[in-house]
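Structure assessment
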Amino acid sequence: MLENEQFQLAVAEDGHLSQLYFKNDPYHMNWVIEENYLNEVGYNDSEKLFGHFDLTVNGEKLQSTRTLPEITKTTKAISVNYRFNNVSVNIKYELDKQLNWEIELMNETQQALKIDEFGIWTALSYVMFRDKNVLRNIHDSAAVFPSISTNYTKINAVRRDNQGGNLGIYQTKGETRSIGTYCVYENLFFENVSPSLDGLLFHKLILAGGYPENFKNRDWIYSKEGLTLEAAETKKWCYALARNKDQEEFYQIGLELAHPKITYTPLNVLGKPVRITVELPSNLQIEQIHVHSCEEHELHKDVLNPKKESNGKQVITFRPVCLGEHKIVFSFTDGSEDFVVLNVMNELATVIEERAAYICDALYSGQAGAVPYSFEPVSNQGESLGKLNLVLKKNLLGKLDLEQVRKVEESAVRYVRPKWFVDGDFTQPQKLYGDFYRCMDFEYIGHLFYLLSEFEDGILQLHTSEVYLSWAADVFDLRVNPELHQDSRGKEEAQMLGVYFLYIQDLLKKLKRYGLTEKYETINRLWEKVTHRVDSETLTYKAAITEHFYDNAGFGPTAGALSEVGLKESAEKYGELLLANIGYSNDFRAQNADRWWEALTYMIHSLWGGVTASAAFKVFEKLKDPAYLEASYRATAGILYCYDTHSSTTLPLEKGMAASTYAVAGPHLNRPDLSRERFGQATFWRDGGIFSRLFENDSQTPDWDMGEELVAYMESFGQKTFILKQSDGIQVINGSFEEFDDNYRVVSFAPFIQSYYLIDNDSIRELKETSQELILKKKDLWQLESIR
């Protein structure tokens, strides 16, 4: 045991870090995965605990668990030394103001050694506990957000309650190649057990190699290189571990530890200004800045020049000329290097138009299809209908295409209704999952009928808009009314919140306007009942459990729904879980909502990431706290990446295609071939288990559960851009800007822009404007009347 006023830690006999606590932590959280918990739930993965490592020297694989280390202790430090035939590894934990973690790899021979792989497990407490006591998942587990950099890698392990302190890890010496993950889990979905899913992610610092021999993918951003250890040479890596209370302090501590602080626009549009701001510690000076991009398999490298501002920060702006990922590399005069990764997309209206066209032209079966009138891939889950809702929403906001609307209408009437309901009777759901059905499916169907009701009768061809509105109400009643279900599962699920928080207020208003009073009153009563019940249970966070033990599909919709009905205090409590769930990183793809199940790794999941982003947006609208707005937009940039057909680091997608999943981690240690790759869940079909029961083969398209999140995006950032006042200027969310002597030129990235919002502390003022660019004079920026 070792302790000071900040930390308490212990190292086990086999050399792994078994305990890491903050002193005075009210929850006494162990920040590393515990061997006792692995044994308790039956996971045999103790070789992945914090401090264990894998090492390949001249082709020979070595592991820390295969030799007993020598452990020495002083009053301030514990050293763990492993000796092999030709190398030794020394790991040291030293307490100071922070916890200093040193890793040394020593060549014990007089010949050069080739290190093909050196990876050390950094098993922070990223756990979905198998425990219905959701407070354990909130207080004793962390989401882990990596910022991988040549010399300035950072990790923040954010406690899932967003309170009580987080654990930051900062590289202070050496080079980090990457951070990989390995997942273990149990899923009892088909056993009709709820909650059915728990699991852990083990993180691994990759100091050399990390991939199978001769492995290749399209990722050109992160190094896969091994290293050479010269005769008698020692290589050293150092990391500092420090407590932080929030995102701002995490980066401030980084500055104090001599890390650059680089902010950037995560999502950018071709030809529009990209804006990057750099704040440097006193010991660093920029030598050169390069932008790396890839077009038609050719890597490009261009020089960027910073502009110094009066506040000591440096600003880089440029207009990108090619699509796809861009790596902005900062080389410093001391020889060190840092970078950020951002994305450049087409105009988003074009992306959405191409997506809708692909869905209707390539995925629609029509009357003669194998499953007539369906959109591929066919699925029993309601999420698969999100693409239909996307097509309808695009046609309501963008270019109207009669044929697209009518294909969706035909599918809704002739495929969806008879498939999910016995003889099309909305009170008789089909048991599509053996002996049960899912209430959650009905919220997508209700949304489908509601969106159809938004079109004029002259556009529709099978029924009137009022008929579809009535159908929407009937299906929605089934979704939320426990009295309409016979079995306990149906009754229970009917009372769970879901993605219907995205549209219920619009549905209620329209039912009232059309005089469907009885349907309105029934649904409104149930809506008020469920939200007030959830409100009353806020202290236990019961709604954070779904069919999984802890799930943003639970607390996301809950926070959004509580915001929608104005239950501010509870919305704020669940909102904290959202802030802890949405990442921040030097790579826009690692800023998404934290989820792992669909990819067996830290991932972007288009649907649930998008729903989480939308929930954060609704909390912002209620609480007026820009932290939620910024988090929502960070997540949104990752969601749109799933629709980007111009990626240069992943397998290509045809125009209009999409992929539901992006694996953030590289290497993905469960499936190395999926490292930093986009794919659909069907790719796991060949791995067996639950996936072989969800899918028929591994060739099904990668976008089966996508669409609803893009509808949510079109409702929020699809129409709005935000300008935040700061002490030293402005910040633009969902756009960019260029600064001149007397004014700002603000560019909106919203595809269907309707309004700009000016935010000054708690004050939010709307500026009705539909142009993509806006000139704002500095002298009267915050005088709304003079702007008008």
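What you see is a predicted model; the values in this text were computed from it and never measured.

Quick notes on the rules
- The numbering scheme is per chain: residues are counted from 1 as the chain's sequence reads.
- Only residues with pLDDT of at least 70 are given local features in this predicted model, and only at 80 or more are side-chain atom pairs given and counted; all residues enter the totals for whole chains, interfaces and linings.
- Side-chain descriptors were evaluated using all non-hydrogen atoms of the structure, hydrogens and water having been removed beforehand.
- At least two bridges found by DSSP between two strands is the condition for calling them paired.
- Only DSSP runs of H or I with at least four residues qualify as helices, and only runs of E with at least two residues qualify as strands; both kinds are numbered from the N terminus onward.
- Contacts: residue pairs with any heavy atoms within 4.5 Å of one another.
- Take the buried Ala, Val, Leu, Ile, Met, Phe, Trp, Tyr and Cys residues and link them wherever side-chain atoms come within 4.5 Å; each set so joined is a nonpolar core.
- Accessible area is worked out with a 1.4 Å probe on protein chains only. A residue is then buried under 20% of its type maximum, exposed over 50%, and partly exposed in between.
- Interaxial angle, 0 to 180 degrees, is taken between N-to-C directions of lines fitted to C-alpha atoms, where a helix line uses only the stretch in contact.
- Note on angle classes: values under 35 degrees are labelled roughly parallel, values over 145 roughly antiparallel, values of 65 to 115 roughly perpendicular, and the remainder oblique.
- Two helices crossing with the near one rotated counterclockwise from the far one by less than a right angle form a left-handed crossing, whereas a clockwise rotation gives a right-handed crossing.
- For this classification, Asp, Glu, Lys and Arg are treated as charged, while Ala, Val, Leu, Ile, Met, Phe, Trp, Tyr, Cys and Pro are nonpolar and the rest, including Gly, are polar.
- Aromatic rings from Phe, Tyr and Trp, taking only the six-membered ring of Trp, are treated as a pair when their centres fall within 6.5 Å; an angle between ring planes under 30 degrees marks them as stacked, one over 60 as edge-to-face, and anything in between as tilted.
- Either the NZ atom of lysine or the CZ atom of arginine qualifies as a charge over a ring when it sits within 6 Å of the ring centre and within 35 degrees of the ring normal.
- Multiplying one less than the number of residues by 1.5 Å gives the expected span of a helix.
- Counted charges follow a simple rule, with Lys and Arg positive, Asp and Glu negative, and His plus the chain ends left uncounted.
- Every case where a carboxyl oxygen of Asp or Glu lies within 4 Å of a side-chain nitrogen of Lys or Arg is listed as a salt bridge.
- Throughout this description, a polar contact denotes any pair of N or O atoms lying within 3.5 Å of each other; where both atoms belong to protein, one of them has to be capable of donating a hydrogen while the other can accept it, and for residues adjacent in sequence the pair is counted only when both atoms sit in side chains.

We now examine the sheet that holds strand β2 (residues 7-11). Read from one edge of the open sheet, three strands run β1-β2-β3, paired in antiparallel fashion. Of all the strands in the sheet, just β1 (2-3) and β3 (17-22) have a single pairing partner and so form its edges. Strand direction decides the pairing type here: β2 and β3, joined by five bridges, are antiparallel. The partner of Val11 across the bridge, within β3, is Leu17.

Next up on the list: the side chain of Asp477. Locating Asp477 in the fold gives a position in helix α8 (residues 465-480). Residue contacts for Asp477: discarding those within four places in its chain leaves Leu484, Thr522, Ile523 and Leu526.

Here we come to the nonpolar core. Counting residues in each nonpolar core, the largest one holds 253 residues, and the members touching the most others are Phe118 and Ile276. A per-element tally of this core places helix α14 (residues 606-623) first, with 10 residues. Membership of the second largest hydrophobic core comes to 15 residues, among which are Val746, Ile753, Leu758 and Leu767.

This part covers the packing of helix α13 (residues 568-581) against α14. One way to put it is that α13 packs onto α14 with a least axis distance of 10 Å and a crossing angle of 135°. Of the possible angle classes, the one that applies to α13 and α14 is oblique. Crossing of α13 against α14: the hand is left-handed. Seen from α13, the contacting residues are Lys568, Ala571, Glu572, Leu578 and Asn581; seen from α14, they are Thr612, Ala615, Ala616, Val619 and Leu623. Tallied by class, residues from the contact of α13 with α14 come to six nonpolar, two polar and two charged.

The subject of this paragraph is the sheet that holds strand β8 (residues 87-95). Spatially, β6-β7-β8-β9-β18-β14-β13-β12 is the arrangement adopted by the eight strands of the open sheet, whose pairing is antiparallel. Sheet topology places β6 (70-73) and β12 (142-147) at the edges, where each strand pairs with a single neighbour. The sheet shows a mean angle of 15° between the axes of neighbouring strands, direction not considered. Bridging between strand β9 (residues 99-107) and strand β18 (residues 234-244) involves eight bridges; their strand directions are antiparallel.

Applying the stated rule across the entire model yields 49 aromatic pairs. Ring geometry for Tyr433 versus Phe436: centroids 5.6 Å apart, planes at 20°, classification stacked. Residues Tyr433 and Phe436 agree in their burial class; the two are buried. Judged by centre distance (5.1 Å) and plane angle (90°), the rings of Phe588 and Tyr641 are edge-to-face. With Phe588 in the loop between α13 and β28 (603-605) and Tyr641 in helix α15 (residues 626-641), this pair connects stretches of sequence that are 53 residues apart. Across this residue pair, the class does not change: Phe588 and Tyr641 are buried. A network of ring pairs unites the aromatic residues Phe421, Phe426, Tyr437, Phe442, Phe449, Tyr468 and Trp471 as a single cluster. Over the face of the ring belonging to Phe339 we find Lys327, whose NZ or CZ atom lies 4.4 Å from the ring centre. If you follow Arg414 out to its NZ or CZ, it ends over the ring of Tyr373, 5.7 Å from the centre.

Each α-helix winds once per 3.6 residues, and so residues spaced three or four apart point in a common direction. Over its 18 residues, α14 extends 25 Å from the first C-alpha to the last, a length consistent with the 26 Å expected when each residue adds 1.5 Å. Burial of α14 is extensive: 16 of the 18 residues sit out of reach of the surface. Positioned one or two residues after α14, Lys624 has a phi angle of 60°, which is positive.

Another aspect to go through is the side chain of Asp338. Considering the arrangement of structural elements, one finds Asp338 in strand β27 (residues 337-345). Buried and unpaired, Asp338 has no salt bridge, with Lys154 as the nearest side chain of opposite charge at 4.8 Å. In terms of polar contacts, Asp338 uses its side chain to reach the side chain of Ser149, at 2.8 Å. Ignoring sequence-local partners within four residues, the contact set of Asp338 consists of Ser149, Tyr152, Pro260, Ile262, Ile328, Val329, Phe330 and Phe332.

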